[in-house]
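# Summary of structural features
Each chain, letter by letter, is given below.
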Amino acid sequence: MGNMEEGIKNRDTEVKDESNERERSNPEEESGEPMPEIEQIREIIDSVSERKQEGLSAETKEAMQRNIEEIENPETREKLLGLFTRIIGYDQEIEAEKHGEMMEISEETDIPPHLLEKALAASQSGTVEGLRAELLEKHREGEGKLENFIAKSKQPYNLLYIDKNISPEEIKERIAVLDELYKEFKGASLADRTRMEEVMVEMFGIPTIAEDVQNYLDEVAGQEATVKSEGAENKNSIFLGKELRPQVIKITKERHDVDFASVLKLMREMHAISLRLDHEQPEGGNVKTGIVFNDMTIYKDKEGNYKRMVRQDYAKGQTVKELPSEIKKDDPGFREAWKVFLRRLEAMKKTDGVVLDISDSDAGFKEARGNVINTGNVFVKLPTEENPEYFFSVIDPDVFDAVSGEHKFDALEHIRKARGKGLMALVKGTVEAIKIAATNQARDKVVSEWQNKYVKKELES
């Protein structure tokens, strides 16, 4: 980038020369005083000069544009437009330099650029070292309290908690026990379900979240530098924790709140998915699979609702959806690896009675949603010299049921929890039960079938 101050001097000279010519040809301006429009130009240039190290904000650019449009003299307006264009050019160069520096820092610190950019923008220091100190102070106490809360759930007898350290043998034992508990719970009367729930909550030691831990989660979700997103079932917070570690926390919304049957089923399925994708690598190609999570915890909020918290490191790479079409359609190596991955998922229908949901949620409720080659739920790392395998990792594990009569949610749970609370509560519970039944049908009879159709198409291509 050229010297900004020299450029401003040159522009000032050009403006003065043109101004002098007009003064000589216009007797009314022979006082020697600068024209009002020239003063406007100088004020704007000075304003830009002061901001040149920071770049122009959108508000500044809009204000400059408005001021220019309000100038009545067409010659002055044309001149100012030319200067404005040059100034924006300088600003773009500044932004390009800042972007380059940001990418270098991102690579050095191993932090996704958009997270680093948001965090630095919200930082008081504006430097990586200053940001590190701020994050350490901001998260030290809260992260410690969250860790202690999770640690209380991390017990061998708590089947509603899972992390990466549980062995395949133990996972199989847990699946068998959860299967039996779920079947007994589903077959029980509504009154016995309530008694069974109380026993299991006590036996597993399901914790109620402490107020200071909830305050920390709320604070993280509300921070300016946190990237927030929301799906049908989860609220997600992506942020930088202490030591500049990119983290993700996902917390379920309302669908599991009163549905203990769905909680048992959910954790049974999470154990099954972990077993198949983390511990049993597929055969028939240079393919590895995994799930992107560190731990999953079932807990109660202060109202007594069931929540699932998923903690995971920020997943690097690109989704299958984001892959160039020439790779997805025409690369024989990828095509074969993709089919190996799909066959691995299809095998879970027989072994576990479920299949992973890898539909295209961006497509809305139409048949194109089933087009799995456009899934945003699976990251893929292509082979390199150091790592010759294709690595498919699931971002947000969710399933469709493959067993007839089985569904993700249990509509009866809403009626059970409403019993004994009065007529209005029972009516509300019944309405919720109807909604849940409709949701189950839409997922398992429509979206699942769309996915099956496209999976078959992919495997036969």
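None of these values were measured; they are calculated from a predicted model.

## Quick look at the pairing of strand 3 (residues 234-240)
Among the 7 residues of strand 3, 6 are classified as buried, and the element is accordingly described as predominantly covered. As judged from the 4 bridges shared by strand 2 (residues 227-230) and strand 3, these two strands associate in the antiparallel manner. Across the sheet, the residue bridging to Val227 is Ile238, located in strand 3. What sits between strand 3 and strand 4 (residues 246-252) in their antiparallel hairpin is a turn of 5 residues, with Glu243 showing a positive phi close to 65°.

## Quick notes on the nonpolar core
Formed by 55 residues in total, the largest nonpolar core has its most connected members in Leu160, Phe260, Phe334, Trp338 and Phe392. No other element matches the 11 residues that helix 10 (residues 260-279) contributes to this core. When residues no more than four places from it in sequence are discounted, the contact partners of Phe260 are Leu160, Phe185, Glu197, Met200, Val201, Tyr306, Glu413 and Arg416. Membership of the second largest hydrophobic core comes to 14 residues, among which are Ile150, Val213, Tyr216 and Tyr299.

## Quick word on the confidence of the model for the chain
Counting all residues, the mean pLDDT for the chain is 84, and 82% of those residues have values of 70 or more. Across residues 1-31, confidence stays below pLDDT 50; counting only partners more than four residues off in sequence or on other chains, it has 41 contacts. In the model, residues 48-54 has pLDDT below 50 throughout and makes 15 contacts with residues more than four positions away in sequence or in other chains.

## Some words on a nonpolar patch on the surface
A contiguous nonpolar surface patch, about 270 Å² in accessible area, is contributed by Leu423, Val427 and Val431. Note that Val431 resides in helix 14 (residues 423-460).

## A look at the packing of helix 7 (residues 168-187) against helix 8 (residues 190-204)
Interhelical geometry of helix 7 versus helix 8 gives an angle of 155° and a closest axis separation of 9 Å. As the angle between them shows, helix 7 and helix 8 are arranged roughly antiparallel. The interaxial crossing formed by helix 7 with helix 8 has left-handed handedness. Contacts between helix 7 and helix 8 pair Leu181, Glu184, Phe185 and Lys186 from the former with Arg193, Met196, Glu197, Met200 and Phe204 from the latter.

## So, helix 14
Between its terminal C-alpha atoms helix 14 stretches 54 Å, which fits the 56 Å expected from 38 residues at 1.5 Å a residue. Of all the bends in helix 14, the greatest measures close to 30° and is centred on Ser448.

## Structural notes on unusual backbone geometry
Only a minority of non-glycine residues have a phi that is not negative, and only a minority of peptide bonds are not trans. Unlike most non-glycine residues, Glu243 shows phi in positive territory, near 65°. Residue placement: Glu243 occurs in the loop between strand 3 and strand 4. With relative accessibility at 48%, the residue Glu243 sits in the partly exposed group. Look at Leu244: it is not a glycine, yet its phi comes out positive at around 55°.

## Some thoughts on the side chain of Arg276
Tracing the backbone shows Arg276 in helix 10. By relative accessible area, which is 13% here, Arg276 ends up buried. A polar atom in the side chain of Arg276 sits 3.1 Å from the side chain of Glu280. Residues within four places of Arg276 in sequence aside, it is in contact with Thr289, Arg344, Met348, Thr351 and Asp352.

So, how was this worked out
Residues numbered from 1 in each chain as written. Predicted model: local features only at pLDDT ≥ 70, side-chain atom pairs only at ≥ 80, totals over all residues. Heavy atoms only, no water. Buried < 20%, exposed > 50% of the residue type's maximum accessible area, 1.4 Å probe, protein only. Helix = DSSP H or I, 4+ residues; strand = E, 2+ residues; numbered from the N terminus. Pairing = 2+ DSSP bridges. Core = buried A, V, L, I, M, F, W, Y, C linked by side-chain atoms within 4.5 Å. Contact = heavy atoms within 4.5 Å. pLDDT = per-residue confidence, 0-100. Patch = residues over 30% accessible without salt bridge, like charges linked within 9 Å, V, L, I, M, F, W, Y side chains within 5 Å. Areas by Shrake-Rupley, 256 points an atom, 1.4 Å probe, with all protein chains shown as cover. Salt bridge = Lys/Arg side-chain N within 4 Å of Asp/Glu carboxyl O. Axes fitted to C-alpha atoms, helices over the stretch in contact; angles between N-to-C directions. Parallel < 35°, antiparallel > 145°, perpendicular 65-115°, else oblique. Left-handed = near helix turned anticlockwise from the far one by under 90°. Expected span 1.5 Å × (residues − 1). Bend = angle between axes of the 7 residues up to and from the residue. Polar contact = N/O pair within 3.5 Å; in protein donor to acceptor, adjacent residues only side chain to side chain.

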